[in-house]
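Structure at a glance
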Amino acid sequence: MTGLEKIVDQILAEANKEAQTILSDAEAEAKNIRTEADAQAEKSVQAIQKKAETDAKTLEQRMHSANDLYRRTQTLAAKQAVIAKVIDMAYDKVCGMDAAAYFGMLEKWIEKYALAQSGEIYFSDTDLKAMPKGFEEKIQAAAKKAGGTLKLSATGKDIKNGFILVYGGIEENCTVRAIFDARREEMQDTVHAILYGKEA
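What comes next is a walk through the structure. Note that the coordinates shown come from a computational prediction; the quantities given were computed from them, not determined experimentally.

1. Some details on the overall build of the protein
Helix and strand content of the protein: six helices and four strands. Scaling as 2.2 N^0.38, a compact globule of 200 residues should have a C-alpha radius of gyration of about 16 Å, whereas the protein reaches 47 Å, well beyond that. Principal-axis analysis of the C-alpha atoms places the extent of the protein at approximately 155 × 35 × 30 Å. The buried share among the 200 residues of the protein stands at 22%. Nonlocal contacts in the protein, meaning residues at least 24 apart in sequence, comprise 74% of its contacts between residues at least 6 apart. With the model as given, the accessible surface of the protein reaches about 14,700 Å², and the carbon-plus-sulfur share is 56%.

2. Focus on the pattern of salt bridges
Counted under the stated rule, the structure contains six salt bridges. With its nearest N and O atoms 3.7 Å apart, the salt bridge here joins R177 to D181. Of this pair, R177 and D181 both sit in helix 5 (residues 176-182), four residues apart, which is roughly one turn of the helix. Exposure remark for D181: the relative accessible area of 45% places this residue in the partly exposed category. Here R183 ties to E186 by a salt bridge, and the two come within 2.8 Å at their closest N and O atoms. The class of R183 is partly exposed, set by a relative accessible area of 35%. Three or more residues are tied together by salt bridges with common partners; here these are D68, R71 and R72.

3. Some points on the sheet that holds strand 1 (residues 118-122)
Reading across the sheet, the four strands line up as 2-1-3-4 and stay open at both edges, with mixed pairing between neighbours. Each having just a single partner strand, strand 2 (149-152) and strand 4 (170-174) make up the two edges of the open sheet. Pairs of neighbouring strands in the sheet enclose a mean axial angle of 25°, with direction left out of account. Direction of pairing for strand 1 relative to strand 2: parallel, over a ladder of four bridges. What sits directly across from G119, in strand 2, is L150. Helix 2 (residues 99-113) rests against strand 1, strand 2, strand 3 (163-167) and strand 4 of the sheet, and its axis sits at about 25° to strand 3. Here helix 4 (residues 135-146) sits on the sheet and contacts strand 1 and strand 2; the angle it forms with strand 2, its principal contact strand, is near 155°.

4. Overview of the nonpolar core
Judged by nonpolar contacts, the single largest core of 30 residues is most densely connected at L106, I110, I121, F123, L150 and F163. For this core, the element with the highest residue contribution is helix 2, accounting for six residues.

5. So, the state of the cysteines
In the structure shown here, the tally under the stated rule is zero disulfides. No disulfide involves C95; its sulfur sits 15 Å from the nearest other cysteine sulfur, which is in C174.

6. Digging into helix 4
Over its 12 residues, helix 4 extends 17 Å from the first C-alpha to the last, a length consistent with the 16 Å expected when each residue adds 1.5 Å. Where helix 4 is buried, its residues contact helix 2, strand 1 and strand 2. Positive phi shows up at G147, right after helix 4, with a value of about 95°.

7. Observations concerning the packing of aromatic side chains
With the rule as written, the count across this model stands at five aromatic pairs. Between F103 and F135, the aromatic rings sit 5.1 Å apart at their centres with planes inclined by 70°, giving edge-to-face as the arrangement. Highlighted residues: F103 in helix 2 and F135 in helix 4, separated in sequence by 32 residues. Overall, the relative accessible area of 4% leaves F103 in the buried class. Pairwise contacts between aromatic rings join Y102, F103, F123, F135 and F163 into one cluster. It is K79 that lies over the ring of Y196; its NZ or CZ is 4.8 Å from the centre. The aromatic ring of Y122 is capped on one face by K157, whose charged end is 4.9 Å from the ring centroid.

Procedures and definitions
- Residues numbered from 1 in each chain as written.
- Predicted model: local features only at pLDDT ≥ 70, side-chain atom pairs only at ≥ 80, totals over all residues.
- Heavy atoms only, no water.
- Helix = DSSP H or I, 4+ residues; strand = E, 2+ residues; numbered from the N terminus.
- Rg over C-alpha atoms; globule rule 2.2 N^0.38 Å.
- Buried < 20%, exposed > 50% of the residue type's maximum accessible area, 1.4 Å probe, protein only.
- Contact = heavy atoms within 4.5 Å.
- Areas by Shrake-Rupley, 256 points an atom, 1.4 Å probe, with all protein chains shown as cover.
- Salt bridge = Lys/Arg side-chain N within 4 Å of Asp/Glu carboxyl O.
- Pairing = 2+ DSSP bridges.
- Axes fitted to C-alpha atoms, helices over the stretch in contact; angles between N-to-C directions.
- Core = buried A, V, L, I, M, F, W, Y, C linked by side-chain atoms within 4.5 Å.
- Disulfide = S-S within 2.5 Å.
- Expected span 1.5 Å × (residues − 1).
- Phe/Tyr/Trp six-rings, centres within 6.5 Å; stacked < 30°, edge-to-face > 60°.
- Lys NZ or Arg CZ within 6 Å of the ring centre and 35° of its normal.

Right, here's the structure in full:
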């Protein structure tokens, strides 16, 4: 073998060795890239799964909240309907009182709403006709107790029940409906406490 051939063989051997090293490094690099890509892909999959689980939990919580709100709203509406019915029944019962109980209640209302002034009191035509003997004196006594006077009007007002007080041209509506309407919130609270106690 000539010197030239030896040099060529040596160059080829070194080139082959260099190629093997490059190939080995390339495979190692490729393996690292694959491992890193797999790890990154696994991280992405885990992140997507975690987000999906979080979103599912959030959606479930929202559904529970919406269902709970709907249930509470329906329960409240049902309670309010029952309370309104009880108040309406109480109103009907007051309107259906016998004369003695009805005029006894009106006497108490006159004592409560009469002012320390001179005024006039109006009843419906029906109540004027049904008014018991001596009731006008009871009106005067109630007004006097308040420090004023009340003249019973002989003209009936267009009302169903109760009475209208007039002081200096200003009317005070003391019909049963007006009293119920004015005290409706108070009555609702009372009925709620009786029916449901401290329950929310």
